[in-house]
Every structure is written in structure tokens, then in C-alpha cells.
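Below are the chains, spelled out letter by letter.
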Amino acid sequence: MTEQTLALHHGYTQDGVGAMAVPLYQTTAYDFKSAQTAANRFALKELGPIYTRLNNPTTEIFENRMAVVEKGEAALAVSSGQSAIFYAVANLAQCGENIIVAKKIYGGATTLLTHTLKRFGIEAKLFDSDSADDLEELIDENTKAIFFESLSNPHITIADVEKIAKIANKHDVITICDNTVATPALFNPFEKGIDVIVHSASKYITGQGLAIGGVIVERKGLNDKLIANTRYPHFNEPDESYHGLVYADLPLPMFTLRARLSLLRDMGAAPAPFNSWLFIQGLETLALRMKQHSQSALEVAKFLESHKKVKKVFYPGLESNPYHQKSKEYFKDGQSSGLLSFEVEDFEYAQKILDNTKIFTVVVNIGDSKSIITHPASTTHMQVPPEDLLKSGVTPGLIRLSVGLESSEDLIEDLIWALD
Ligand SMILES: *Cc1c(COP(=O)(O)O)cnc(C)c1O
């Protein structure tokens, strides 16, 4: 069965009532029925719900669907994309060790991985994910993870995923790919040799700007890379916090298992069951929506490219874009997702455009069904010194669009009016 079909059916068999929609188990805890069952569940002799901080039947269906849609083995849902990134990294690295992080990633991921984790003794070294030419020389014996985005937000660049996987595998380092912007509808990082995928479910997965959430997916066969790998002793030695459990001894996908039993148990960024339920609804239409986001974004990009007041347009679907070939090679049916940016003369004109659009709304989010417009120089990148700003490609006249699901005709008309 294809992922598009599994996204609607996997992991749910109707209950006695015959409910077509996945039921929402809005509950904190579960009746074990007997002392023995309770003991078995805690000892992992029997898998089943314990407490909603650890697992929940609605969330589990979302996790299992994410795992199949990404062609992975298992998934763990958490309460935000940020916590997905944190748990994925904290599952591998600890104080005194280092991680290698792409330069072009989401701002929140940059501050988490390079500043906040530093206070916990984990050092981040930066690499260029476009070429990965500098990656290998950064790896040392304390390197525990390589983190990057497949299609980067907000830079709209595409990583050399195969090269990153090849270098990492040579050194037995785990790779983590944030696939939020490309989504599983366009791109599958596991097919290119990546080990772990993270998502902000807050974007295209919910798809309508309804809830914050995140998910971690591990690839099939990842246990083989972790077992007896001297970089990751904590998967192979007794876990004191879980009465001496050795993850490598279990016949279970151990990356997400450890993230659940140790990190989610102790730090508790569990998803609300209702949010998991919303993400299940979102997944049902993800492939359809991504087609429309991609098609409309291309139409808007072509219109902007032809406009005399627009200096430059960045969208991988355009032939003029440096990532066009990569986009065609990696992404399904030439789709390039819904993010694009363009440059106009100056700061003031950019702000005027934002104030004049009626459909494009001034919001800092992406992946909503409603179209969004942002001016990075006056908002998300305001604190960045001007010289660094230019280095990261953010000019004073740069405008970013997240193209939604309104008719592209209306969106183009809105821009004609605003650019006037
Ligand atoms: C939004 C975003 C995140 C953070 O996710 P939240 O759900 O907002 O915590 C991480 N990575 C990317 C690429 C994002 O766009």
C-alpha cells in the first residue's frame, strides 16, 4: 500500500461502535485491571498504555502513521518541533560531547543547539549542508550527531542529503534530518540513508495552523547501527534510571524507545491527545495539500519573477534557482513546497507591501492553509547585526511568503495590488 493510503488507515481498527474517525482518548491514565498487568507494563513485558505523559492510544495512532508515512520503523510524538529536536539530540549527546549542526536551519533550532545546549556542556560545530565539504573534518571521537534540514526554513535551500549520510556512516555517527518544510509527501530522508527524522507538526502536518507539536521517527534497522557502537554506550549499557535495563537487549526500535522511557518520562514534553487527534486529521490530506501548495507557490513565484519592481525571486521550483536541479532530483513530481522569498528595492517598500496585502497575513508561521507574509529584516532577524544579516542572505528588502491554499489567482491579484 502507498503512504498516501496508509496516512488515512494505518493502525486503526474500528472499535465496537464502528467509529470511522479515530477516537480521541482524552485521558490522563488507564485502568490496568490487575496488579500483574500493571507490573508487566512497567517491566515492558507487555506493551500498553501507562500514563499519558508516556503514551496514549490516540497519540500512538499518530506516531504509527508518521512512522509509515516516513517509511520508518517507529515514532515518538512530543509537544513541539523544538522538543523533538531537543530529545533527538539529547538521546545521543551529553555533557563534554559535541554535535555538528547545519548553518542554514530554523532560528529556534539554532538557538537551542548552539546556545542552550552549550549551557548543558554540549558543543555545536557548524557546517555547510549545501555542499557538506567541511563536514568530515569536523567529526571527532566525541561527535554524537549531525543535524540539518532537508529544505531549510527560512533560507529555502536544499541539503546534499546523500553526501551527509555517506560521511556520517563512514564514522558511525547518527544523522538527524528536520523534514518539516519538505514533508514526507515530497521527500523521504530515509531513502537517502538518514537515521532519524524530526518534524514540527505545527506546520504542514496540522496544515491549518491549529496546534503545536513535534515528532521523531527512526529508520528501519537503526538498532544495527546503535548496537555495539562505541560512540553510544548508553544504548548498550544498563540504564540505572530504569532498573538496569539494557536497550540493546530488547527486540524493539530503541532510539524512540529510549527517548520515550528516559527523556519523555523525565522531561515531560508530552503531546496533548487532542493535538495528536488534530495531526491525524492533517495527515489524511497532507499529500493533496502539498501538491496545491507547491503548484500555487510556483505560479506566485513565476508572477513575481516577471514583475518589474521585484529584483529577485528564490524558489526551488524556478529554473533560475540554484537548487532547481536538486529539487527535481529529490522531490516528488517536481513539487517544491510552499515557501518562497523575493527581494524588492528597500526596507520601506517591503514594509509597505506587507501593509497592503489583504489575503497574505503578517504572521510568523509557515505551512498554514492561509497565506502568510513576513519581512525578516524587521522581525525574525531584527537582532542580527547588519553584516551577519547580509551573510545569511537577509537583505533589507527581502520578503518571505508561505503560500496557502487560497486560489492562486486571488493570491497573485493580492500581490499585484500590494506591489503597486
Ligand atoms: C517551526 C519549526 C521548528 C520548531 O517547531 P515548533 O513546533 O514551533 O516548536 C523546527 N524546525 C523547523 C524547520 C520549523 O519550521
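Scroll up a little and you will see the structure.
Now for a quick tour of the structure. Since we're looking at a predicted model, the values are computed, not measured. (Residues numbered from 1 in each chain as written. Predicted model: local features only at pLDDT ≥ 70, side-chain atom pairs only at ≥ 80, totals over all residues. Heavy atoms only, no water.)

Attention now moves to the overall build of the protein. Helix and strand counts for the protein come out as 15 helices and twelve strands. Relative to the globule expectation of 22 Å for 420 residues, the C-alpha radius of gyration of the protein, 22 Å, shows essentially globular dimensions. Projected onto its principal axes, the C-alpha positions of the protein cover 75 × 55 × 35 Å. Here the contacts in the protein between residues at least 6 apart in sequence split such that 72% fall between residues at least 24 apart. Surface accessibility of the protein: about 18200 Å² in total, with carbon and sulfur atoms responsible for 54%. (Helix = DSSP H or I, 4+ residues; strand = E, 2+ residues; numbered from the N terminus. Rg over C-alpha atoms; globule rule 2.2 N^0.38 Å. Contact = heavy atoms within 4.5 Å. Areas by Shrake-Rupley, 256 points an atom, 1.4 Å probe, with all protein chains shown as cover.)

Moving on: the nonpolar core. Residues Phe62, Leu113 and Phe127 are the most contacted members of the largest nonpolar core, which totals 98 residues. Residues from two domains meet in this core; each of domain 1 (3–274) and domain 2 (287–419) gives at least three. Non-local contacts of Phe127, meaning those with residues more than four positions away in its chain, are made with Ile100, Val101, Ala102, Lys103, Ala132, Asp134, Leu135, Leu138, Ile146, Phe147, Phe148 and Ile164. Counting 26 residues, the second largest nonpolar core, distinct from the first, contains Ala297, Phe303, Leu401 and Leu419. (Core = buried A, V, L, I, M, F, W, Y, C linked by side-chain atoms within 4.5 Å. Buried < 20%, exposed > 50% of the residue type's maximum accessible area, 1.4 Å probe, protein only. Domains from an automatic or database assignment.)

With respect to the element layout, Ser200 can be found in strand E6 (residues 196–200). Since its relative accessible area comes to 11%, Ser200 is described here as buried. At a separation of 3.1 Å, a polar atom in the side chain of Ser200 contacts the side chain of Ser202. Here Ser200 is in contact with Gly81, Thr180 and Gly213, once residues within four sequence places are set aside. (Polar contact = N/O pair within 3.5 Å; in protein donor to acceptor, adjacent residues only side chain to side chain.)

Turning next to the packing of aromatic side chains. Applying the stated criterion across every chain yields a total of eight aromatic pairs. With 6.4 Å between their ring centres and 65° between their planes, Phe32 and Phe42 make a pair best called edge-to-face. Placement of Phe32 in the loop between helix H1 (3–9) and helix H2 (35–42) and of Phe42 in helix H2 is noted, with a sequence separation of ten residues between them. The partly exposed category is assigned to Phe42, whose relative accessible area is 45%. Ring geometry for Phe187 versus Tyr330: centroids 5.1 Å apart, planes at 20°, classification stacked. Residue Phe187 is found in the loop between helix H8 (183–186) and E6, and its partner Tyr330 is found in helix H12 (residues 324–330); the two are separated by 143 residues along the sequence. With relative accessibility at 2%, the residue Phe187 sits in the buried group. For Tyr330, a relative accessible area of 7% puts it in the buried group. An aromatic cluster of at least three residues, connected via ring pairs, comprises Phe187, Tyr330 and Phe331. Between the NZ or CZ atom of Lys144 and the centre of the ring of Tyr232, over which it lies, the distance is 5.9 Å. Over the ring of Tyr106 we find Lys203, and its NZ or CZ is 4.8 Å from the ring centre. (Phe/Tyr/Trp six-rings, centres within 6.5 Å; stacked < 30°, edge-to-face > 60°. Lys NZ or Arg CZ within 6 Å of the ring centre and 35° of its normal.)

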